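Each chain, written out:
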Amino acid sequence: MLSPELGHYALALACILAVAQGILPLIGAQRRDRRVMMLAPGLAVGQLLALLTAFLCLVNAAVTDDFSVQNIAANSAVTKPLLYKITGVWGNHEGSILLWALILGICGAAVAAFGRNLPSALRARVIAVLGAVAAGFELFCLTTSDPFARVWPAPMDGQGMNPLLQDPGLAFHPPILYTGYVGFAVPFAFAIAALIEGRVDAAWGRWVRPWAVAAWCFLTCGIALGSWWSYYVLGWGGYWFWDPVENASLIPWLTGTALIHSAIVVEKRESLKIWTVLLAIATFSFSLSGTFLVRSGILNSVHAFANDPARGIFILGLLALVIGGSLALFAYRAPTLTAGGLFAPISREGALVLNNILLCSICAVVLTGTMYPPFMSLLFDRTISVGKPFFDATTIPLAIPLFIFMGFGPMLPWKRAQLWPVLQRLWIAALLAGVAFAVFTFGMSGILPILCSALAVWVIASSVLDLTERVRLFRMPLSGSFQRARMLPRSIFGTAIAHAGVGVTVLGLAAMSQAQHKIVEVPVGTTEHLAGYDWTLTNVTQEPGPNYSALVATLEVRHNGKIVTIMHPSKRSFNSQNQTTTEVSIHTNVLADLYGVLGDKHGTDAAPTYVLRLHYNPLAPWMWLGALIMAIGGVLSLSDRRMRVGAPRRAKPTPNTVTAA
C-alpha cells in the first residue's frame, strides 16, 4: 500500500543510498578498484526506485484526499479536479523539492544506463557527484521540508490549491522547467569529475554536449511555458515582466547556451577547456541559486513559495557547500591545466568566443539587476526597484551584436577564416534584412524594435542560407542537393533550426512592442473600437464550475462588419480560498492575438457596468513558436548519430602529466 509512512521510509532510504552513491564510487575511482566503482550504477538505480516510490506515495495521498498529510491538507481539497490533485503535488514547496530530487535521481540513473561507453573511473565519479548533490536535497526534504508530515486531527476537507495554479500550462510548467534546471547537474558532475581526474579533452567535450543540449531544450520549453502562462492567465496582457523569479530561470539559460557553444569548441578543437568547465559549474550553480531565491524570501515575486528561515539557512548551506566547494576545486586544479589549440580571431572558434562573451555579459546584467535591490535592502535598508526600463536598456544593446554575429558564425571555417568570402555568401540575407528594415520603418515605431525585427530576418535568412550553401542548392542538380542533404549530420540542421527559432522569437518580441490596448468600463451592449476591430459586450452571465463560480462575458469582435470571433473572458471566484482569478479569452490567427479580459463589476444590479481590458497583440504567438523551434533544433541535434555513439577513445595519459584546460 502506498501509504505516507512508506513514502517517508522510501525517502530516507533514498537519502542513505545517495550518501553511499556519493562516497563509495569516489573511493573506488581513487583506488582504481573496479568492483567498488561498479557499485555506482546500482546505487543510482536503487536511489531512483526509492525516490519514485516516495513520489508515488505522495501522489496517492493527494488523489485519495488523505488530509492527515499536512502538505495535502494545505494544498488540496475534495472538490479539486483530479488533474490538479495530481499536478498539485509539485505546486508547493515540499512537493517541488521532492520532484527536484526525483529528477536528479533520474539523471543519475540515466548516466548509469547511457554512460556505458565512458571510462569506468569517469563514470563512477560523475555518478558520485550526482549522488552527493541528491543527498543534500533529500536531507533537505527529511529535515525542513518533509512532504509526508502528519497533521492531527485531520481536517474533513483541505484548504485547496492556489487558484492561479489550477491551469494546464502551470500544471506542467514546473516538471519541464525543473528537468532543465536539474539536467545541468550532469554537465556539472562531468566538470567536477574532470577536475578531480585532472583531464579535459575532446572526448570529454563530446560526452558533455548531449547532456547540456538536453537540459537546454527542457529549460527553453519550461521558460516558454511559464511565459505563456503569464500571458493568458494573469490577464495583464504581457508575457515577461522581468520578475526576479523569471530572471532566475533566464540566467542559467544564458550560461547554458554559452556552455553548449563552448563544448563544441572543446570537442572540435580542444580549446576553451577551462572556460567550458567553469560554465558547467556556473550554470548548475545558477540553477541552485534560483531554487534558493524562490524559497528564501529574499525576492518578492508572484512566483515565490512561502518561505521559512530554517529552509533558507539549509539551502544557503547547501549552496555554499556545492558552489563554494566546486569553485574551490576549480581554483585548485586550474593552474595545473594546460592551454588547448590556437586559433585566429576571425574563425569559427572566434565567433563562438564572442558568442560566449555576449551571452555572459547579458547574464551579468540580468544578475546584477535582479540581486541589486535585495542587497541594497539588506545592507543599507533602502528599498529600490529595478524593472523593465533598466533591463531593456541594458540587455538589448548587448543582444544586437549577438544577433549580427549569429549569421556569420556557422559559415566561418575552424582555426582561421577570411571574412570576405563569408560576406559574399551572406549577401542575400543582408539584402533581406535591409528590405525588412525599410518595410518595418513604415509599419513600426521606435528604432530598436525596427532594428531588432530586421536582425531577426537576418538571423533566419542566414540560417537558411547556411543550409543551402552546404547542400549547394541551385548550384547542382536538385537530386544531388537532396543527396548531400541526406548525408549532412543532423546537428547541422539542428543548429540552423535553433538559430532560426531565435529569429522567430525576436520577431515576436519586437512586434509585441507595437501592441495596442485600452481599458474601458462599459454596460452590456456597448461597442469599443481598437486596432480596426469592433468589440461589443453582448452579455454577462453567472455560471457554476467544479470548485468555483464564474462571471462570464460574451464579446463579439467584428472587422469591417463581419464577425471575426466570439470571446468569453471570465472572472472565477473560489470560495474555499476566498480568491478571485481572471480567465483570459484569446483569439489568434498566428499573425496576431485578440485578447480580452473581464474586470470588476460596478454599478447596481439593475444597471451594471463592467471593466474590460482589450488588447491587439501582433505576432504574439511567434514568441512561443520560436522557443518551440529552438527546442526542436536541440532535439534534432541530439538525434545526430555522433551524439549517440561513443566519443573518440581517450589516449592513455603518461604518468605524472595532466592534459586539460
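Residues numbered from 1 in each chain as written. Predicted model: local features only at pLDDT ≥ 70, side-chain atom pairs only at ≥ 80, totals over all residues. Heavy atoms only, no water.

Brief notes about a nonpolar patch on the surface
A cluster of nonpolar side chains, contributed by Trp427, Ile428, Leu431, Leu432, Val435 and Val439, occupies part of the molecular surface with about 560 Å² of accessible area. Its location among the elements puts isoleucine 428 in helix H17 (residues 427-443). (Patch = residues over 30% accessible without salt bridge, like charges linked within 9 Å, V, L, I, M, F, W, Y side chains within 5 Å. Areas by Shrake-Rupley, 256 points an atom, 1.4 Å probe, with all protein chains shown as cover. Salt bridge = Lys/Arg side-chain N within 4 Å of Asp/Glu carboxyl O. Helix = DSSP H or I, 4+ residues; strand = E, 2+ residues; numbered from the N terminus.)

Points about the packing of helix H8 (residues 168-183) against helix H9 (residues 185-197)
Two elements in contact, H8 and H9, have axes separated by 5 Å at closest approach and are oriented at 5 degrees. Classified by the angle between their axes, H8 and H9 sit roughly parallel to one another. Every residue of H9 that contacts H8 at Tyr181, Val182 and Gly183 is listed here: Ala185, Val186 and Pro187. Of the residues that constitute the contact of H8 with H9, the class distribution is five nonpolar, one polar and no charged. (Axes fitted to C-alpha atoms, helices over the stretch in contact; angles between N-to-C directions. Parallel < 35°, antiparallel > 145°, perpendicular 65-115°, else oblique. Contact = heavy atoms within 4.5 Å. Nonpolar A, V, L, I, M, F, W, Y, C, P; charged D, E, K, R; others polar.)

A few points about the sheet that holds strand S9 (residues 592-603)
Spatially, four strands are ordered S1-S10-S9-S8 in an open sheet, and the strand pairing comes out antiparallel. The sheet terminates laterally at strand S1 (516-522) and strand S8 (585-588), the two strands that pair on one side only. Neighbouring strand axes in the sheet, compared pairwise and without regard to direction, differ in orientation by 15 degrees on average. Pairing of S1 with strand S10 (residues 608-618) involves seven bridges; the strand directions are antiparallel. Of the residues in S10, the one forming a bridge with valine 522 is tyrosine 610. Packed on one face of the sheet, helix H10 (residues 202-233) meets S8, S9 and S10 and runs near 45 degrees to S9. (Pairing = 2+ DSSP bridges.)

Remarks on the pattern of salt bridges
Enumeration according to the criterion identifies 18 salt bridges in this entry. With a shortest N-O distance of 3.1 Å, glutamate 528 and lysine 518 are connected by a salt bridge. Residue glutamate 528 is found in strand S2 (residues 527-530), and its partner lysine 518 is found in strand S1; the two are separated by ten residues along the sequence. Overall, lysine 518 belongs to the partly exposed group, its relative accessible area being 23%. When salt bridges that share partners are traced, they join Glu5, Asp66 and Arg150 into one network. (Buried < 20%, exposed > 50% of the residue type's maximum accessible area, 1.4 Å probe, protein only.)

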